[in-house]
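So you can see what is in the structure, the chains are spelled out below.
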Amino acid sequence: MVNENQFLFHALLMGIFITFVYDVIRICRRVVPHNSFFVSLEDLGFWIYCGGSVFMLMYHESNGELRWFAVFGAIGGMLLYKKLVSPLFVKYVSFVLSKMLEGLGKVLGWLFYPLKVLLRKTSRGTYRIGRSFRRALKNKLTYFLKMLKIGLKGK
């Protein structure tokens with residue numbers, strides 16, 4: 001009986017932990033937006049991790065035997081965490097992280113402003129150089145293409 005209660009408690013903690021891990025993923029998605037490919041990739045990795053974790057719990061606690069009270073314990077842990085902690089945790093942690101990243105972006109923008117100005121001033125000159133280089137290269141390639149056509153027609 002003690003082992004079953006301990007197993008139920010571990011399953012409850014597993015449910016809480018699994019939901020916490022998914023909340024961390026949700027926070028990352030809010031702070032740094034993802035496209036559907038990366039969302040799917042994250043979800044696949046999450047479910048593989050969850051499946052392995054649940055399997056290891058079942059293997060260690062009940063010799064690999066499926067116990068339904070453990071499944072319901074994990075679901076109960078998930079629901080408990082989801083109702084009590086998750087909404088506030090995701091909302092405020094994502095808010096704080098996004099503000100921190102916004103502040104970091106402003107500081108980095110301020111630090112790299114001289115470099116940005118320097119690149120702007122030099123890029124105008126390099127664009128002119130690049131444009132004349134592209135034009136000369138195009139003329140040379142056109143010349144060689146014409147010579148190749150003339151050479152092929154003569155034979």
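A quick note: this is a predicted structure, and the numbers were derived from the prediction, not measured.

Draft legend 1. Region of interest: the overall build of the chain. Helices and strands together make up the secondary structure of the chain, namely five helices and zero strands. Reading the chain from its N terminus to its C terminus gives the helix and strand order α-α-α-α-α. The C-alpha atoms of the chain give a radius of gyration of 30 Å, which is well past the 15 Å a tight globule of 155 residues would have. Here the C-alpha coordinates of the chain stretch approximately 95 × 55 × 20 Å along the principal axes. Long-range contacts, defined here as pairs at least 24 residues apart, represent 78% of the contacts in the chain between residues at least 6 apart. For the chain, the accessible area works out to roughly 12,300 Å², and carbon and sulfur atoms hold 72% of it. Across the chain, 23 positive and 7 negative side-chain charges occur, with their mean positions spaced 38 Å apart.

Draft legend 2. Summary view of the environment of Leu 57. As for its position among the elements, Leu 57 is in helix α2 (residues 36-62). Accessibility expressed as a relative area gives 13% for Leu 57, which makes it buried. Sequence-wise, Leu 57 and Ala 11 are 46 residues apart; in three dimensions their C-alpha atoms are separated by 7.6 Å. Not counting residues up to four positions away in its chain, the partners in contact with Leu 57 are Phe 7, His 10, Ala 11, Met 14 and Ser 62.

Draft legend 3. Broad picture of the packing of aromatic side chains. Enumeration according to the criterion identifies nine aromatic pairs in this entry. Ring pairing ties together the aromatic residues Phe 20, Tyr 81 and Phe 89, which thus form one cluster.

Draft legend 4. Inspection of helix α3 (residues 68-84) at higher detail. In this model α3 runs 24 Å from its N-terminal to its C-terminal C-alpha over 17 residues, within 8% of the 24 Å that 1.5 Å per residue would give. Those residues of α3 not exposed but buried are Ala 70, Gly 73, Ala 74, Gly 77 and Tyr 81. Down the axis of α3, the sector holding all buried residues measures 100°, keeping them to one side. For α3, the exposed residues lying more than 90 degrees away from the buried face are Trp 68, Phe 72, Leu 79 and Lys 83.

What counts as what
Residues numbered from 1 in each chain as written. Predicted model: local features only at pLDDT ≥ 70, side-chain atom pairs only at ≥ 80, totals over all residues. Heavy atoms only, no water. Helix = DSSP H or I, 4+ residues; strand = E, 2+ residues; numbered from the N terminus. Rg over C-alpha atoms; globule rule 2.2 N^0.38 Å. Contact = heavy atoms within 4.5 Å. Areas by Shrake-Rupley, 256 points an atom, 1.4 Å probe, with all protein chains shown as cover. Lys, Arg positive; Asp, Glu negative; His and termini not counted. Charge placed at Lys NZ, Arg CZ, Asp CG, Glu CD. Buried < 20%, exposed > 50% of the residue type's maximum accessible area, 1.4 Å probe, protein only. Phe/Tyr/Trp six-rings, centres within 6.5 Å; stacked < 30°, edge-to-face > 60°. Expected span 1.5 Å × (residues − 1). Arc of directions from axis to C-beta.

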